[in-house]
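Coordinate inspection notes
Here is how the chains run, residue by residue.
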Amino acid sequence: MLLEVENLELAYGEVPACRDISFGVGEGEIVTLIGSNGAGKSTTLRGVAGAMLPRKGRILFNGEDVTRMPAHRRALAGVALVPEGRRVFPALTVRENLEMGGFKYRNNQGKIRTLIDRAMEMFPRLRERTGQRAGTLSGGEQQMLALSRALMSEPLLLCMDEPSLGLAPMVVQDIFRSIRAVNQAGTSVLLVEQNAHYALETASRGYVLQTGAIIASGSCDALKQDQRVKEAYLGRK
Amino acid sequence: MTDLLALVVQQSINGIYLGCLYVMVALGLTLIYGVLNQINFAHADFVTVGAFAAFFTVTRLGTKLLGLPDTAAYLLSMVTALGVGAGLGLAINAAVFAPLRERGDELRPLIATIGVSVLLENFQLWLFGPIPFQFDSPFSRETIRIGRIFFTAQSVLVVAVSAVSIAALYAFMKFTFLGKALRAVAQDRETAGLMGINPNLLIALTIVIASALAGMGGALLGPVLVLTPFAGATVIVKSFAIVIIGGFGNVQGTIIAGLLVGVIEAFTVQYLGSGLIDLVVFVLLLVMLVVRPTGLIAERKEENV
């Protein structure tokens, strides 16, 4: 397993947002965490990326215990998070945002140029906007930028937090196609999505979160047939 | 040249000189606010420490120990003040601010800046006593005359040093990887961390840059201040006003506001009398707070640095 999460508990102040969460992501896999708003999906993902340190439990990444490791060191170890709401640096240009994503290659300008070229091949729209402030981009363009920025560090594990949020269906399809392409190129993906349709189509395995705990898990094909998942998230009986 | 034109040019030059002095102090305040979202009440004391470092470089280290001419000693004093400011900033951040920030508390680091201020003032009071030191710049004695316009070599030096500092800061922020990372941390600290940027390192760097500027500002201001352990306090209130007029955390706005306040002061002295300087500046501040509370250059906060 590339990522192993054991009995994770994360809390905002005194209030636990998720309890006793255990799951894993294998090398080359796309794994999804689904669940309704407030189920603790984003919190779990932030825990994996190190944006929040856990109260209990253990996180193993690439054979290393990263439980107490701060976010910036986890990024260098190969975890990249595309945060909820994109969180591009609004006053930096598109190019500067990408450069920040490649911070660990800051002493290798050639490498950064190659990676930026690759990002712009993936999303030609970004090429037209290189010198533009990221804050002026549309939501879809920002999501493309946020994804490309995360890929600049050539991560082993790409964590995506609600990539479909607030985007037009066409753009969402584009983003999910890119996620699959990234995965086929060898990057493992941990996908958090409210839109269970998209998530279960894209991933191979999934975990269902409810009020901070995992209530079901299995292959996506099996989850699609699961009665609770059908009723709660796929909107059919 | 008519009398009026000569007067306007003369006072503008005086004002720009004064404004540059303010900018050197205010820039650090605005940088720290922009990146840390925190007001540094100890900033004035970094100016004082810089002024004392410069004073002793001129009177002891430069002229006595190294046997330099006083002009060279004064130039050297700017470098030592810069270094002492940077070193002090680094040390105080590591000893006080960083451990408090680590606990994730916003209020404690703020209060700590007041504590550091009191500490530095009293430490200097113990070292240097309350009697003002006479700090003269050899460049103040050189007067340059162009037609009917007069200015000192000191004012040329101050404007040149400020311009170079501002240009260097701008180039650093705009063109270097570290400078861009600093802006990223200012805009979104958590996301910057996700990029592999260590926010604590860049916060330390910000404090070092701000303190270095304050220290060098002390060397430039020394000759116009009454040099006591509380000297920085006399410019810091106006610097806060400038930072507010320019828009808290906005580097560009702060530079413009600093120059503007300098020029307004010079003309106030000419037409209304020097006793009214503070009144005019703070009326301007109040008007700004009412009319344009976001500062001269209104942008969203995260886009400033």
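Residues numbered from 1 in each chain as written. Chains lettered and ligands numbered in written order. Predicted model: local features only at pLDDT ≥ 70, side-chain atom pairs only at ≥ 80, totals over all residues.

Some remarks on the overall build of chain A
Looking only at helices and strands, one finds 10 helices and 10 strands in chain A. In terms of overall size, chain A behaves like a compact globule, its C-alpha atoms giving a radius of gyration of 17 Å where 237 residues would be expected to give roughly 18 Å. The principal-axis extent of the C-alpha atoms belonging to chain A is close to 50 × 40 × 30 Å. Looking at chain A residue by residue over its 237 residues, the buried ones come to 50%. In chain A, once contacts between residues fewer than 6 apart in sequence are set aside, the share between residues at least 24 apart is 65%. (Helix = DSSP H or I, 4+ residues; strand = E, 2+ residues; numbered from the N terminus. Rg over C-alpha atoms; globule rule 2.2 N^0.38 Å. Buried ≥ 20, exposed ≤ 12 C-beta atoms within 10 Å, placed from the backbone. Contact = placed C-beta atoms within 7 Å.)

Comments concerning the overall build of chain B
Along chain B, the regular secondary structure elements total 11 helices and 2 strands. Over its C-alpha trace chain B gives a radius of gyration of 19 Å, about what one expects of a compact globule, namely 19 Å for 305 residues. Principal-axis analysis of the C-alpha atoms gives chain B an extent of 60 × 50 × 35 Å. The 305 residues of chain B split such that 48% are buried.

Here's the deal with the sheet that holds strand β1 (residues 3–12) of chain A
Pairing between the strands of a sheet comes from backbone hydrogen bonds, and it takes one of two forms, parallel or antiparallel. Residue and element names in this part refer to chain A. Pairing within the open sheet is antiparallel, and its 4 strands lie in the order β2-β1-β4-β5. Unpaired on one side and paired on the other, β2 (15–25) and β5 (64–65) mark the two borders of the sheet. Note: strand β4 (residues 56–61) against β5, 2 bridges, orientation antiparallel. Bridge pairing links Phe-61 to Glu-64 in β5. (Pairing = 2+ DSSP bridges.)

Quick notes on the environment of Ala-168 of chain A
Its location among the elements puts Ala-168 of chain A in the loop between β7 (157–161) and α7 (169–184). For the pair Ala-168 of chain A and Gly-139 of chain A, spaced 29 residues apart in sequence, the C-alpha to C-alpha distance is 9.0 Å.

Details of unusual backbone geometry
Peptide bonds are, in most cases, trans, and in most cases residues other than glycine have a negative phi. All names here are of chain A. For Asn-62, which is not glycine, the phi torsion reads 55° and is therefore positive. Here Asn-62 lies in the loop between β4 and β5. Its identity is not glycine, yet Arg-87 carries a phi of approximately 50°, on the positive side. Secondary-structure assignment places Arg-87 in the loop between β6 (79–82) and α3 (94–101).

Some remarks on helix α3 (residues 70–102) of chain B
Residues and elements named next belong to chain B. Between its first and last C-alpha, α3 extends 45 Å over 33 residues, near the 48 Å set by a 1.5 Å rise per residue. In the structure, α3 departs most strongly from a straight axis at Asn-93, where the bend amounts to approximately 50°. Positive phi shows up at Gly-104, right after α3, with a value of about 75°. (Expected span 1.5 Å × (residues − 1). Bend = angle between axes of the 7 residues up to and from the residue.)

A word on helix α6 (residues 177–187) of chain B
Taken across its 11 residues, α6 of chain B has 8 buried, putting it largely inside the fold. Residues of α6 of chain B that are buried: Lys-180, Ala-181, Leu-182, Arg-183, Ala-184, Val-185, Ala-186 and Gln-187 of chain B. Where α6 of chain B is buried, its residues touch α3 of chain A together with α1 (3–36), α5 (153–175), α7 (189–194) and α8 (199–221) of chain B.

Things to note about the interface of chain B and chain A
At the interface, 17 residues of chain B touch 22 residues of chain A. The set of elements that each furnish at least two residues to the side of chain B that touches chain A consists of α6 and α7 of chain B. Per-element tally for the side of chain B that touches chain A: the top contributor is α6 of chain B, with 6 residues. A per-class count over the side of chain B that touches chain A returns 6 nonpolar, 5 polar and 6 charged. (Nonpolar A, V, L, I, M, F, W, Y, C, P; charged D, E, K, R; others polar.)

Things to note about the sheet that holds strand β8 (residues 188–193) of chain A
Residue and element names in this part refer to chain A. Judged by pairing direction, the sheet is mixed, and its 6 strands sit side by side in the order β6-β7-β8-β3-β9-β10 without closing on themselves. A strand with exactly one partner marks an edge of an open sheet, and here the two such strands are β6 and β10 (213–219). Within this sheet the neighbouring strands show an average axis-to-axis angle of 15°, counted without direction. Note that strand β3 (residues 30–35) and β8 share 5 bridges and pair parallel. When the sheet's bridge partners are listed, Ile-30 is paired in β8 with Val-189. On top of the sheet, helix α6 (residues 139–151) reaches β6 and β7; it is set at about 170° to β6, its chief contact. (Axes fitted to C-alpha atoms, helices over the stretch in contact; angles between N-to-C directions.)

Remarks on the packing of helix α10 (residues 251–271) of chain B against helix α11 (residues 277–291) of chain B
Residue and element names in this part refer to chain B. In contact at an axis separation of 9 Å, α10 and α11 are set at 140° when each is read in the N-to-C sense. Taken together, α10 and α11 sit at an angle that is classed as oblique. For the crossing formed where α10 meets α11, the hand is right-handed. Contacts between α10 and α11 involve Val-261, Ile-264, Glu-265, Thr-268 and Val-269 from the first element and Ile-277, Val-280, Val-281 and Leu-284 from the second. (Parallel < 35°, antiparallel > 145°, perpendicular 65-115°, else oblique. Left-handed = near helix turned anticlockwise from the far one by under 90°.)

Focus: the nonpolar core
Within the largest apolar cluster, 162 residues are counted, with the highest numbers of intra-cluster contacts made by Leu-81, Cys-159 and Leu-190 of chain A together with Ala-51 of chain B. With 17 residues, α1 of chain B is the single largest residue contributor to this core. (Core = buried A, V, L, I, M, F, W, Y, C linked by C-beta atoms within 7 Å.)

Here's the deal with the packing of α3 of chain B against helix α4 (residues 107–128) of chain B
Residue and element names in this part refer to chain B. Relative orientation of the contacting elements α3 and α4 amounts to 155°, with a least axis distance of 8 Å. When the interaxial angle is binned, α3 and α4 end up roughly antiparallel. Here α3 runs over α4; the crossing is right-handed. Across the interface between the two elements, Ile-92, Val-96, Phe-97, Leu-100 and Arg-101 from α3 touch Arg-108, Pro-109, Ala-112 and Val-116 from α4. In terms of residue class, the contact of α3 with α4 is made up of 7 nonpolar, no polar and 2 charged.

Re the pairing of strand β9 (residues 205–210) of chain A
Residues and elements named next belong to chain A. Most of β9 sits out of view: 5 of its 6 residues are buried. Bridge count for β3 against β9 is 5 bridges, and the pairing is parallel. Along β9, the bridge assignment pairs Val-31 with Arg-205. Sheet topology note: the β9/β10 ladder contains 6 bridges and is antiparallel. Its bridge partner being in β10, Gln-210 is matched across the sheet by Ala-213. Connecting β9 to the antiparallel partner β10 that follows it, the hairpin turn spans 2 residues, and Thr-211 within it adopts a positive phi of roughly 35°.

Section: the pairing of β2 of chain A
Residues and elements named next belong to chain A. Summarising the sheet, β1 and β2 pair through 7 bridges and their orientation is antiparallel. Within the sheet, the bridge partner assigned to Val-5 lies in β2 and is Phe-23. Turn length for the β1-β2 hairpin, with the two strands adjacent in sequence and antiparallel, is 2 residues, and the turn residue Gly-13 shows positive phi of about 65°.

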